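Single-letter residue listing:
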Amino acid sequence: MAGNWKMYKSVGESLALVQALKEALGDVSHRETVVCPPFTALHAVAEALRGSNIEVGAQNLYPAEEGAYTGEVSPKMLLDVGCQYVILGHSERRQYFQESDAFVNEKVKAALDYGLKLILCVGETLEQREQGRQRSVVSAQVGRDLEDVSADAMKRVAIAYEPIWAIGTGRTATPQQANEMHRAIRDVLSGLYGGEVAQGTSILYGGSVKPLNVDDLMAEPDVDGTLVGGASLEAESFIRIVRFQT
Ligand code: PEP
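The structure presented is a predicted model; accordingly, all values stated were derived computationally and were not measured.

### Overview of the environment of V157
With respect to the helices and strands, V157 occurs in strand β6 (residues 157-161). A relative accessible area of 4% means that V157 is categorised as buried. If sequence neighbours within four positions are ignored, V157 has contacts with L112, L118, L146 and T201.

Here it is in structure tokens:
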């Protein structure tokens with residue numbers, strides 16, 4: 001269960017949130033919880049969560065170790081501040097920063113080369129869904145974003161299916177729509193890596209996940225977790241989401 005804080009929260013606000021999460025989720029086992037603060041809060045959050053059952057992720061990286069890339073952050077730097085995870089290919093980055101599948105693929109390989117775990121986001125636009133193209137669009141994204149990624153490295157990859165029309169809109173995919181797409185993604189993984197890797201890969205749903213809809217989403221057989229934006233910014237709602245009941 002992962003929280004994407006996007007461009008929200010100062011260092012102080014981030015620390016207050018993770019303190020509340022740490023206290024409330026200390027007894028949660030067999031469920032992986034990840035928070036993804038903005039770059040500016042990563043180090044403080046990682047320090048605050050050290051030794052806890054909550055992991056820390058970044059929201060992006062640049063696929064080089066170091067160099068003259070003004071404004072960018074490398075995978076090595078993410079490890080240095082205590083990150084275990086990184087979100088890649090989020091639709092906001094594809095849309096506002098023109099990230100192509102080829103560039104996402106470079107980032108995926110760089111993250112894996114440095115030992116990071118990653119959440120790879122894929123998803124169709126409303127127009128593509130209305131044209132009935134969601135399956136082909138998402139399958140193509142998965143194939144291109146994972147090019148040259150080995151079956152062994154897939155142990156550190158989770159995929160987040162995030163229909164763009166459901167992100168930040170309050171409009172959630174129905175549990176059935178989510179499950180159908182997760183199954184399609186698992187079929188693609190099975191074709192690329194075989195059934196064992198496909199079954200072993202966590203496929204998260206993202207798009208207006210809230211305390212009120214998480215239980216139904218998580219009850220679907222192919223929904224292994226959620227990537228949560230807005231509802232991860234408040235301790236109470238994210239705690240309820242991590243503590244989903246099926
Ligand atoms: C996201 O940022 O990945 C997301 C799914 O946002 P929200 O939950 O706010 O729709």
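### Regarding helix α7 (residues 134-145)
The end-to-end C-alpha separation of α7 is 16 Å, in line with the 16 Å expected for twelve residues at 1.5 Å each. Taken together, the buried positions of α7 are occupied by Q134, V137, V138, Q141, V142 and D145. One side of α7 holds all its buried residues, which, seen down the axis, span an arc of 130°.

### So, the environment of L61
Counting through the fold element by element, L61 comes out in the loop between β3 (54-58) and α3 (75-80). As for L61 and K107, which are separated by 46 residues in sequence, their C-alpha atoms are 6.9 Å apart. Among all residues touching L61, those that are not within four sequence positions of it are V73, P75, L78, V86, L88, K107, A111 and L116.

### Things to note about the packing of α7 against helix α8 (residues 175-193)
For the pair α7 and α8, interaxial distance at closest approach is 10 Å and the crossing angle is 40°. Taken as axis vectors, α7 and α8 run oblique relative to one another. For the pair α7 and α8, the sense of crossing is right-handed. Two secondary-structure elements touch here, α7 through Q134, R135, V138, S139, V142 and G143 and α8 through M181, A184, I185, D187, V188, L189 and L192. For the contact of α7 with α8, a count of residues per class yields eight nonpolar, three polar and two charged.

### Observations concerning the site of the ligand
Surrounding the ligand, one finds 14 residues, the nearest of these being K6, E162, G168, S208 and G229. Note that an oxygen atom of the ligand is positioned 3.1 Å from one of the side-chain N or O atoms of N4. A distance of 2.7 Å separates an oxygen atom of the ligand from a polar atom in the side chain of E162. Its residues placed into classes, the shell around the ligand shows four nonpolar, eight polar and two charged.

### Regarding the sheet that holds strand β7 (residues 203-206)
Reading around the barrel, the eight strands line up as β1-β2-β3-β4-β5-β6-β7-β8 and close back on themselves, with parallel pairing between neighbours. Strand after strand, the sheet turns through a mean of 25° between neighbouring axes, direction not considered. With three bridges connecting them, β7 and strand β8 (residues 225-228) associate as parallel partners. The residue bridging Y205 from the neighbouring strand is T226, located in β8. Set on the sheet, α7 makes contact with β5 (117-122) and β6; between it and β5 the angle comes to about 145°.

### Here's the deal with the packing of aromatic side chains
Overall, the coordinates contain three aromatic pairs when judged by the stated rule. Judged by centre distance (4.5 Å) and plane angle (35°), the rings of Y62 and Y69 are tilted. Relative accessible area serves as the criterion here: at 21%, Y62 is assigned to the partly exposed category. Ring-pair connections join several aromatic residues into one group, and the members of that group are Y62, Y69 and F103.

Scoring rules and cut-offs
- Residues numbered from 1 in each chain as written.
- Predicted model: local features only at pLDDT ≥ 70, side-chain atom pairs only at ≥ 80, totals over all residues.
- Heavy atoms only, no water.
- Helix = DSSP H or I, 4+ residues; strand = E, 2+ residues; numbered from the N terminus.
- Buried < 20%, exposed > 50% of the residue type's maximum accessible area, 1.4 Å probe, protein only.
- Contact = heavy atoms within 4.5 Å.
- Expected span 1.5 Å × (residues − 1).
- Arc of directions from axis to C-beta.
- Axes fitted to C-alpha atoms, helices over the stretch in contact; angles between N-to-C directions.
- Parallel < 35°, antiparallel > 145°, perpendicular 65-115°, else oblique.
- Left-handed = near helix turned anticlockwise from the far one by under 90°.
- Nonpolar A, V, L, I, M, F, W, Y, C, P; charged D, E, K, R; others polar.
- Near = heavy atom within 4 Å.
- Polar contact = N/O pair within 3.5 Å; in protein donor to acceptor, adjacent residues only side chain to side chain.
- Pairing = 2+ DSSP bridges.
- Phe/Tyr/Trp six-rings, centres within 6.5 Å; stacked < 30°, edge-to-face > 60°.

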